[in-house]
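# Structure at a glance
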Amino acid sequence: MHVAHQELFKKLDKNGGILIIQTTYANLSPFMHRQKHSSLPLYFYPLANIKHLTGAQFIKLIKEEFPNLEKIVVGYDFHFGHQAAYNNEDLQKLFKGKVEIIKEYKIDNIAVHSRVIREYLRAGKIEDANKLLGYNYCLSGLVISGQGLGKKQFVPTINLKVTDFLIPQEGIYITKTIVNNISYKSVSFIGHRVTTDGKFAVETHIIDNDFDVIVPKNIEIEFIKKLRDNKKYEKFEDLKKQIQDDIQTASSWFLEKK
């Protein structure tokens, strides 16, 4: 659900809906997480259930399930039917209503595609990814127990178990953590804890001094900017100092953005 998709949604009125072909690699906004990016209803077709259909059979299916369908809005590179063998020209021939085709959408001369956003996230280029998304990239996860070292030796963190989402490159990020629908300034870590137990973790530290709530089962982390790469330290004291420096850098960044 990025800015190019929003260009399609602008062509729909209050009676419109969004038809999503659900795939196993839709990991930027998995399943119903997409609903937060549109007020229009979402309708999902699992790819496995329809990939065998010819173009004509697919159009017949959506006409049967949406009998009042008058207009279809698609992107310039839309394909459908068995082995994606049918394109927009076929759609215009097969559908007896209006077909509106939206041209390629670019930002700073970069074509907006999900694959480009994924490449940015894997490279830690959060700001570039967010520009194409039109919002801060977000992970949602189940709160789990961590090592127990943070509160005792470093700073307290909330640990997440994240599934379905594409996880950005390992490193330390300026973030906002959403707890009970309230956004808190934070610093978050993604990666293998190479200085301690070596295990992979997604954890976040709330910067706000007024944070004093019971953490629910699920929280979200919005990624704003990458601070640095993951790094191994020979001494706990060195890691602790670096963490404090990261918190100070993030706090200063938030102050500048006020």
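For clarity, every value in this text was computed on a predicted model and none was experimentally measured.

## Topic: the confidence of the model for the protein chain
For the protein chain, the mean per-residue pLDDT works out to 90, and 95% of the residues sit at or above 70. When the elements of the protein chain are averaged for pLDDT, helix α7 (residues 149–153) gives the smallest value, 51, and helix α6 (residues 126–133) the largest, 97.

## Remarks on the side chain of Ser186
Within the fold, Ser186 resides in strand β10 (residues 182–192). Judged by relative accessible area, which is 0%, Ser186 ranks as buried. Among the polar contacts listed, one links the side chain of Ser186 to the side chain of Thr175, at a separation of 2.5 Å. A polar side-chain atom of Ser186 sits 2.8 Å from a polar atom in the side chain of Thr177. Contacts of Ser186, omitting those with residues within four sequence positions, involve Tyr173, Ile174, Thr175, Lys176, Thr177, Thr204, His205, Ile206, Ile207 and Phe254.

## A look at the sheet that holds strand β12 (residues 218–228)
Note on sheets: strands pair through backbone hydrogen bonds, and any given pair is parallel or antiparallel. One closed barrel accounts for six strands, arranged β7-β8-β11-β10-β9-β12; its pairing is antiparallel. Across this sheet, the average inter-strand angle for adjacent strands is 45°, counted without regard to direction. Where strand β9 (residues 171–179) and β12 come together, seven bridges link them in antiparallel fashion. When the sheet's bridge partners are listed, Tyr173 is paired in β12 with Lys226. Each of β7 (137–144), β9 and β12 is contacted by α6, which is oriented at about 125° to β12, the strand it contacts most.

## Overview of the nonpolar core
The biggest cluster of nonpolar side chains holds 40 residues, and the ones touching the most others in it are Leu121, Tyr137, Leu139 and Phe223. The residues touching Leu121, leaving out its near neighbours within four places in the chain, are Leu28, Ile126, Ala129, Tyr137, Leu166, Pro168 and Gln169. Ile174, Tyr233, Ile243 and Trp253 belong to the second-largest nonpolar core, a separate cluster that totals 15 residues.

## A look at the side chain of His2
Among the structural elements, His2 can be located in the segment before α1 (3–9). Judged by relative accessible area, His2 falls into the buried class, the value being 4%. Once you skip the residues sitting within four places of it in the chain, His2 turns out to touch Val112, His113, Ser114, Ile117, Leu132 and Leu133.

## Examining the packing of helix α5 (residues 114–122) against α6
Each pair of packed helices can be summarised by the angle the axes make with each other and by the distance between the axes. The contact between α5 and α6 brings their axes to 8 Å, and the two run at 155°. With respect to α6, the element α5 is oriented roughly antiparallel. Here the hand of the crossing between α5 and α6 comes out left-handed. In this structure, α5 contributes Val116, Ile117, Tyr120 and Leu121 to the contact, and α6 contributes Ile126, Asp128, Ala129, Leu132 and Leu133. Taken together, the residues of the contact of α5 with α6 break down into eight nonpolar, no polar and one charged.

## Re helix α3 (residues 55–65)
What α3 keeps buried is the set Gly55, Phe58, Ile59 and Ile62. Down the axis of α3, the smallest arc covering the buried residues is 95°, so these residues share one side. Turned more than 90 degrees off the buried face of α3, the exposed positions are Lys60 and Glu64. Buried residues belonging to α3 abut β1 (18–22), β2 (42–46), α2 (47–50), β3 (71–75) and α4 (88–94).

## Let's talk about the pairing of β12
Across six bridges, β7 lies against β12 in antiparallel orientation. Looking at β12, one finds that Gly141 is bridged to Ile219.

## Things to note about α6
Within the span of α6, buried status applies to Ile126, Ala129, Asn130, Leu132 and Leu133. Looking down the long axis of α6, one finds its buried residues gathered within 165° of arc, a one-sided arrangement. Of the residues one or two after α6, Gly134 is the one with positive phi, at around 90°.

What counts, and where the lines are drawn
- Residues numbered from 1 in each chain as written.
- Predicted model: local features only at pLDDT ≥ 70, side-chain atom pairs only at ≥ 80, totals over all residues.
- Heavy atoms only, no water.
- pLDDT = per-residue confidence, 0-100.
- Helix = DSSP H or I, 4+ residues; strand = E, 2+ residues; numbered from the N terminus.
- Buried < 20%, exposed > 50% of the residue type's maximum accessible area, 1.4 Å probe, protein only.
- Polar contact = N/O pair within 3.5 Å; in protein donor to acceptor, adjacent residues only side chain to side chain.
- Contact = heavy atoms within 4.5 Å.
- Pairing = 2+ DSSP bridges.
- Axes fitted to C-alpha atoms, helices over the stretch in contact; angles between N-to-C directions.
- Core = buried A, V, L, I, M, F, W, Y, C linked by side-chain atoms within 4.5 Å.
- Parallel < 35°, antiparallel > 145°, perpendicular 65-115°, else oblique.
- Left-handed = near helix turned anticlockwise from the far one by under 90°.
- Nonpolar A, V, L, I, M, F, W, Y, C, P; charged D, E, K, R; others polar.
- Arc of directions from axis to C-beta.

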